[in-house]
Amino acid sequence: MESSFSLYSWLQMGAYHTLDLELNRKFSLRKSCWDVVALDRLDLACDPARTADVAVVIMQEGLAHVCLVTSAMTTVKTKIEINIPRKRRGHCEQHDKALLRFYEAIMQAILRHIRFDVVKCVLVASPGFVKEQCCEYMFAQAIKTDNRLFIENKAKFVQVHSSSGHKHSIREVLCDPAVAVKLADTKAVAEVRALDAFYAMLQSEPDRAFYGIKHVEAAIEQNAVDLLLITDKLFRSDDVSLRRRYVALVESVKENSGDVRIFSSLHVSGEQLGKLSGVAAILRFPLHDIEDDESDDD
């Protein structure tokens, strides 16, 4: 929704209007100046695999969906259907063998479709004990075959309840308040660790931990910033010149081979960083000659 600042025959001055974009219909987006933050957001929006930091494996006996979830869409990467014979008194072997084939198919689908360098949380959902049995099988197989990818990312798997293994149950899972809390903490784990590292550096080596835009800019000028921490709220400032100033920080750090962590202002880690002016940096080496400026945090 945008406000009109010019007069059209079909739109009054100052009125609000909306545009509907149809799925798979091409359109052009024009802007006088594209900064690195805006371009990166466009790239992420155009590639669901890059933005989908949450994966959902929802299942019931014989049926599973492996999905990637973004803030805008849920993409089903694969559907797994395997016939599971019923248990019969004294004849459980066929049932057990079919279940193992089912769990193996799920494990292979996860390895094929989920990028653990992007995904920060894998929700494994099912009614009953199917999810527990599946996870137990997958991690036992990972240890047996020395699958380091599964073993190193075990902490990303979160087991939750769902009423069925059909796709429509994903909404039920994501709307669960308990799951939402787990999801927020898991998704922001990299940001939380970065903020903890900053606080630890501030205590142990204060000359290598700066916050406030002036101090961070001074450190960037000396190519000293190893990790930049910044909240997304700063890129939504009404002051265009101030927005460009923060964008310049990100561009400079990336050009000098530094890392950038953009914190969500909706998460507790983003709120904590916001109390430190919203921008901070861990330096490659200590800087002693930057003067204190009490007005820097304003």
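Here's a quick rundown of the structure. By convention here, each chain's residues receive numbers from 1 onward along its written sequence. Reporting of local features is limited, given that this is a predicted model, to residues whose pLDDT is at least 70; pairs of side-chain atoms are given and counted only at 80 or more, and all residues count toward the totals for whole chains, interfaces and linings. Side-chain calculation: all heavy atoms of the structure are included, whereas hydrogens and water are not.

Moving on: helix 10 (residues 240-255). With 16 residues, helix 10 extends 22 Å between its outermost C-alpha atoms, agreeing within 8% with the 22 Å of an ideal straight helix rising 1.5 Å per residue. Only protein chains enter the accessibility calculation, which uses a 1.4 Å probe; a residue whose area is less than 20% of its type maximum is buried, one above 50% is exposed, and one in between is partly exposed. Only runs of H or I of at least four residues qualify as helices and only runs of E of at least two qualify as strands under DSSP, and these elements are numbered from the N terminus. Along helix 10, the positions that sit buried rather than exposed are Tyr246, Val247, Leu249, Val250 and Val253. Buried residues of helix 10, viewed axially, fall in a sector of 140°; they line one side. Among the exposed residues of helix 10, those pointing more than 90 degrees away from its buried face are Arg244 and Glu255. At the exit of helix 10 stands serine 257, carrying a positive phi of roughly 65°. The span one expects for a helix is its residue count, reduced by one, times 1.5 Å. Regarding the arc, it is the one traced by the directions from the helix axis to the C-beta atoms.

Attention now goes to the packing of helix 9 (residues 213-221) against helix 10. All axes here are fitted lines through C-alpha atoms, helices being fitted over the stretch that makes contact, and every angle between N-to-C directions spans 0 to 180 degrees. Where helix 9 meets helix 10, the axes come as close as 11 Å, and the angle between the chain directions of the two elements is 30°. The angle between helix 9 and helix 10 falls in the class roughly parallel. Once helix 9 is placed against helix 10, the crossing between them reads as left-handed. In this structure, helix 9 contributes Ile213, Lys214, Val216, Glu217 and Ile220 to the contact, and helix 10 contributes Arg245, Tyr246, Leu249, Ser252 and Val253. For classification purposes, angles smaller than 35 degrees are called roughly parallel, those larger than 145 roughly antiparallel, those between 65 and 115 roughly perpendicular, and all remaining angles oblique. Crossing handedness is defined as follows: a turn of the near helix away from the far one that is anticlockwise and smaller than a right angle gives a left-handed crossing, while the clockwise case is right-handed. Residue contacts follow a heavy-atom distance rule, with two residues in contact if any of their heavy atoms lie within 4.5 Å.

In this section: the sheet that holds strand 9 (residues 225-231). Sheet architecture is open: 4 strands sit in the order 8-11-9-10, paired in mixed fashion. On the outer flanks of this sheet lie strand 8 (209-211) and strand 10 (259-263), each paired with one strand and no other. Adjacent strand axes in the sheet meet at a mean angle of 15°, parallel and antiparallel pairs treated alike. Here strand 9 pairs with strand 10 via 5 bridges, running parallel. Bridge assignment links leucine 227 to a residue of strand 10, and that residue is aspartate 259. Against the sheet, helix 10 makes contact with strand 9, strand 10 and strand 11 (279-283), and its axis sits at roughly 150° relative to strand 9, the strand it touches most. Paired strands are those between which DSSP finds at least two bridges.

This part is about the pattern of salt bridges. By convention in these notes, a salt bridge is any Lys or Arg side-chain nitrogen within 4 Å of a carboxyl oxygen on Asp or Glu. Tallied over the full model, the rule gives 9 salt bridges. We note a salt bridge from arginine 208 to glutamate 205, for which the minimum N-O separation is 3.4 Å. Taken together, the shared-partner salt bridges connect Asp146, Arg148 and Glu152 into one network.

Once that is clear, we can look at the nonpolar core. In this text, buried Ala, Val, Leu, Ile, Met, Phe, Trp, Tyr and Cys residues form a nonpolar core when linked through side-chain atoms within 4.5 Å. Within the largest apolar cluster, 30 residues are counted, with the highest numbers of intra-cluster contacts made by Met59, Ile106, Ile110, Ile114, Val122, Met138 and Phe157. For this core, the secondary-structure elements that each account for two or more residues are strand 3 (54-60), strand 4 (63-69), helix 3 (93-113), strand 6 (121-126) and helix 4 (130-145). With 8 residues, helix 3 is the largest single contributor of residues to this core. The contacts of methionine 59, once residues within four sequence positions are left out, are Ala64, Phe102, Ile106, Val124, Ala125, Ser126, Pro127, Val130, Lys131, Cys134, Ser164 and Gly165. Core analysis: the next-biggest nonpolar cluster, separate from the first, contains 21 residues, Ile220, Phe235, Tyr246 and Leu283 among them.

In this section: helix 3. A rise of 1.5 Å per residue sets the reference length of helix 3, with its 21 residues, at 30 Å; its end C-alpha atoms lie 30 Å apart and thus fit the reference within 8%. When helix 3 is considered as a whole, its buried residues turn out to be His95, Ala98, Leu99, Phe102, Tyr103, Ile106, Met107, Ala109 and Ile110.

With respect to topology, 5 strands assemble into an open sheet ordered 5-4-3-6-7, the strand pairing being mixed. The two strands at the open ends of the sheet, each matched to only one other strand, are strand 5 (74-81) and strand 7 (157-161). Pairwise comparison of adjacent strand axes, ignoring direction, gives a mean angle of 20° for this sheet. When strand 3 meets strand 4, the two strands line up antiparallel, connected through 7 bridges. Across the sheet, residue methionine 59 finds its bridge partner in strand 4, namely alanine 64. Contacts from helix 3 reach strand 3, strand 4, strand 5 and strand 7 within the one sheet, and its direction differs from that of strand 5 by about 150°. Taken strand by strand, helix 4 contacts strand 3, strand 6 and strand 7, and its axis lies near 160° from that of strand 7.

Shape descriptors only; they carry no functional weight alone.
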